[in-house]
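Structure assessment
The lines below spell out each chain.
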Amino acid sequence: MNVFFTQFAEMKMFSLLSLATVLLFGLMIGCANEAEISSYTTPKPEDVHAENHLAESERPERTAPAMTLPAQAEPAAKPARMYAAIVPNGDQNWFYKMTGPVESVGQIVPQLAEFVSSVTYNEGKPVWTLPEGWQEQPGNQFRYATLVVPVGDATQEFTVSALPASGDITTDVVININRWNGQLGLGEITTSDLEAAGEDPTAKLAKIKSGEQAIYSINIVGEQSSGGMGRPPFAR
C-alpha cells in the first residue's frame, strides 16, 4: 500500500512539474512578443520636398509647342459692276455709288444717271425726289444717306457721301476714279482720259453737263473680292 501511494505521489508531482513548465514557456513567449518593438524613421518635410522638387537651376526649360495655323484660301473674286458719279458743288464734292451684280445693276444704270442729273443743291445740301420704289435710309459717319433701290427681285444700296474739295477738281476726280477702278481690279485713268471723255452717262467714263452742274461718272465691270472693297480715302 505504501508503494502505491509513493508512486501516485511521484506521478502527481511529475504532472505538476510538466504543467508548470508549459505555463512558464508560454509566459516567456508572451513576454518576448510584448517586448518586441517595431521602429521606423520619418523623413523630415524639407527632405521630402527636396526629393520631389528640382532646384530652379535643374528644371528643364519649358517651351510651348509651335502652333501651325491652317492655310486660308484667298477669297475668290466675283464679277461686279460699279456705277459711280462725282458732282462738284461749291467747296464740296458729292459722290454717288452702287456696286452689285453685273447684269442687274447694268439694267438700272440709265435710271441712276438720270437721278444724279436731277439732283439740285440748296445751301450745299442735295435736294431730290426719289423714283417710285426707292427708299431713303439715314446715313452714318461715312455717308450722307443710303438710297435703297429695287434691282430685279432684290435691292441694292446707292450711297451718297460728300467730302471737302481740294480746289483741283480734275485731280479729285482722277484720284477717286482710280481708287474705284482698283476696287474692281482695273487699271488707272489719266487726266487726258478724263478730258477726252464723252457725254454718254452710261459709258465707261463720262463727263456731262446738267445745267451749270458738271457730273463725272463711271460704269465699269471688273472682279470684286468677296472680302470687301474697303473704304477709299476720298469717298466711299
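See the structure above.
This section reports on the structure supplied with the text.

With that out of the way, let us pick up the overall build of the chain. Helix and strand counts for the chain stand at five helices and nine strands. The order of helices and strands in the chain, counted from the N terminus, is α-α-β-β-α-β-β-β-β-β-α-α-β-β. Of the contacts formed within the chain by residues at least 6 apart in sequence, a portion of 57% connects residues at least 24 apart. Carbon and sulfur atoms form 55% of the exposed surface of the chain, whose accessible area is close to 16,300 Å².

This next bit is on the packing of aromatic side chains. If you walk through the whole model with that rule in mind, you get ten aromatic pairs. Judged by centre distance (6.2 Å) and plane angle (45°), the ring pair of Y96 and F158 falls under tilted. Within this pair, whereas Y96 is found in strand β2 (residues 92-100), its partner F158 is found in strand β7 (residues 154-164), the two being separated by 62 residues in sequence. Taken as a pair, Y96 and F158 share a single burial class, namely buried. With a centroid separation of 6.3 Å and 85° between ring planes, the pair formed by W128 and Y144 is classed as edge-to-face. Placement of the pair is W128 in the loop between β4 (125-127) and β5 (135-138) and Y144 in the loop between β5 and β6 (145-151), with a sequence separation of 16 residues.

Time to look at the sheet that holds β2. Read across the open sheet, the seven strands follow the order β5-β6-β7-β2-β1-β9-β8; overall the sheet is antiparallel. Since the sheet does not close on itself, it has two edges, and those belong to β5 and β8 (205-210), each with one partner. Across the sheet, the mean angle separating the axes of adjacent strands is 25° when strand polarity is ignored. Relative to strand β9 (residues 213-225), β8 is paired through six bridges, and the arrangement is antiparallel. Paired with K207 across the strands is Y216, a residue of β9. Along the sheet, helix α3 (residues 102-118) makes contact with β1 (77-89), β2, β6, β7, β8 and β9, crossing β1 at roughly 5°. Helix α4 (residues 169-183) contacts β1, β2, β8 and β9 of the sheet and is inclined by roughly 165° relative to β1.

Moving on to the side chain of N181. Within the element layout of this structure, N181 appears in helix α4. Discounting chain neighbours no more than four positions away, the residues touching N181 are L186, G187, E188, I189 and I220.

If you look at the biggest cluster of nonpolar residues, it comprises 25 residues, and the most contacted ones within it are Y83, Y96, F115, V116, W128 and F158. For this core, the secondary structure elements donating two or more residues are β1, β2, α3, β6 and β7. Among the elements that make up this core, the one with the highest residue count is α3 (seven residues). Those residues within four positions of W128 in sequence are excluded, and the remaining contacts are Y96, F115, V119, E136, Y144, A145, L147 and V160. M82, A84, V174 and W180 belong to the second-largest nonpolar core, a separate cluster that totals 18 residues.

Analysis parameters
- Residues numbered from 1 in each chain as written.
- Predicted model: local features only at pLDDT ≥ 70, side-chain atom pairs only at ≥ 80, totals over all residues.
- Heavy atoms only, no water.
- Helix = DSSP H or I, 4+ residues; strand = E, 2+ residues; numbered from the N terminus.
- Contact = heavy atoms within 4.5 Å.
- Areas by Shrake-Rupley, 256 points an atom, 1.4 Å probe, with all protein chains shown as cover.
- Phe/Tyr/Trp six-rings, centres within 6.5 Å; stacked < 30°, edge-to-face > 60°.
- Buried < 20%, exposed > 50% of the residue type's maximum accessible area, 1.4 Å probe, protein only.
- Pairing = 2+ DSSP bridges.
- Axes fitted to C-alpha atoms, helices over the stretch in contact; angles between N-to-C directions.
- Core = buried A, V, L, I, M, F, W, Y, C linked by side-chain atoms within 4.5 Å.

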